[in-house]
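Next come the chains, spelled out residue by residue.
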Amino acid sequence: QVQLVESGGGLVQTGGSLRLSCAASGMSFSVYDMAWYRQVPGKQRELVARITRGFSTNYADSVKGRFTISRDNGKRMVHLQMTSLKPEDTAVYYCNAIFYQTTSWGQGTQVTVSS
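Residues numbered from 1 in each chain as written. Predicted model: local features only at pLDDT ≥ 70, side-chain atom pairs only at ≥ 80, totals over all residues. Heavy atoms only, no water.

Colleague: What's the story with the state of the cysteines in this structure? I'm lost.
Modeller: Put plainly, a disulfide is one covalent bond tying together the sulfur atoms of two cysteines. Under the definition given, this model contains one disulfide. What pairs with Cys-22 in a disulfide is Cys-95, and their sulfur atoms sit 2.1 Å apart. On the sign convention where negative is left-handed, the bridge of Cys-22 and Cys-95, at about -85 degrees about the S-S bond, is left-handed. Remark: Cys-95 occurs in strand E9 (residues 91-99) and Cys-22 occurs in strand E3 (residues 18-25); sequence separation between them is 73 residues. In this pair, the class of Cys-22 matches that of Cys-95, namely buried. (Disulfide = S-S within 2.5 Å. Helix = DSSP H or I, 4+ residues; strand = E, 2+ residues; numbered from the N terminus. Buried < 20%, exposed > 50% of the residue type's maximum accessible area, 1.4 Å probe, protein only.)

Colleague: Sorry if this is basic, but what is going on with the environment of Gln-110 here?
Modeller: Counting through the fold element by element, Gln-110 comes out in strand E11 (residues 109-114). C-alpha separation for the pair Gln-110 and Asp-72, spaced 38 residues apart in sequence, amounts to 23 Å. Once residues lying within four places of it in the same chain are set aside, the contact partners of Gln-110 are Gly-9, Gly-10, Thr-90, Ala-91 and Val-92. Among the polar contacts made by the side chain of Gln-110, one reaches the main-chain carbonyl oxygen of Ala-91 at a distance of 3.4 Å. (Contact = heavy atoms within 4.5 Å. Polar contact = N/O pair within 3.5 Å; in protein donor to acceptor, adjacent residues only side chain to side chain.)

Colleague: How should I be thinking about the packing of aromatic side chains in this particular structure?
Modeller: Each aromatic ring pair is specified by the distance between its two centres and by the angle formed by the two planes. The tally for this structure, following the rule as stated, stands at four aromatic pairs. Measuring from centroid to centroid gives 5.4 Å for Tyr-32 and Phe-99, while their planes differ by 35 degrees, and the two rings are tilted. Here Tyr-32, found in the loop between E3 and strand E4 (33-39), pairs with Phe-99, found in strand E9; they are 67 residues apart in sequence, far enough to count as distant. Given the relative accessible area of 9%, Tyr-32 is considered buried. With a centroid separation of 4.8 Å and an interplanar angle of 80 degrees, the aromatic rings of Phe-99 and Tyr-100 are classed as edge-to-face. Residue Phe-99 is classed as partly exposed on the basis of its relative accessible area of 28%. Of the residues examined, Tyr-100 reaches a relative accessible area of 65% and is grouped as exposed. (Phe/Tyr/Trp six-rings, centres within 6.5 Å; stacked < 30°, edge-to-face > 60°.)

Colleague: Looking at this model, I keep getting lost on the environment of Lys-43. Mind explaining?
Modeller: Inspection of the secondary structure assignment puts Lys-43 in the loop between E4 and strand E5 (46-51). Taking C-alpha positions, Lys-43 is 22 Å from Ser-7, a pair spaced 36 residues apart along the chain.

Right under this line is the structure:
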């Protein structure tokens, strides 16, 4: 069974940085596309960044140039380096794994950016 466990969230001031990590287990990690989503209360969950099994990446326009997604297949981990954080980046961030029609989610980690 796929298990995704996020870590690295917290409280940071505007302009600060955080690095989120997602540890995966119960899956052949290297064949999955991995992504980070975020959600604020009352809004839909939105894609932040995705990295394919071929290491192609794409980002939401709102985070381009500030966030970087990476993966380590040997350690079965995906990271999201977040810099120049803004109050509007405040959300619960979720790790996501996709393999064809199979999708799995982590429990989420809270990121709060104070102004």
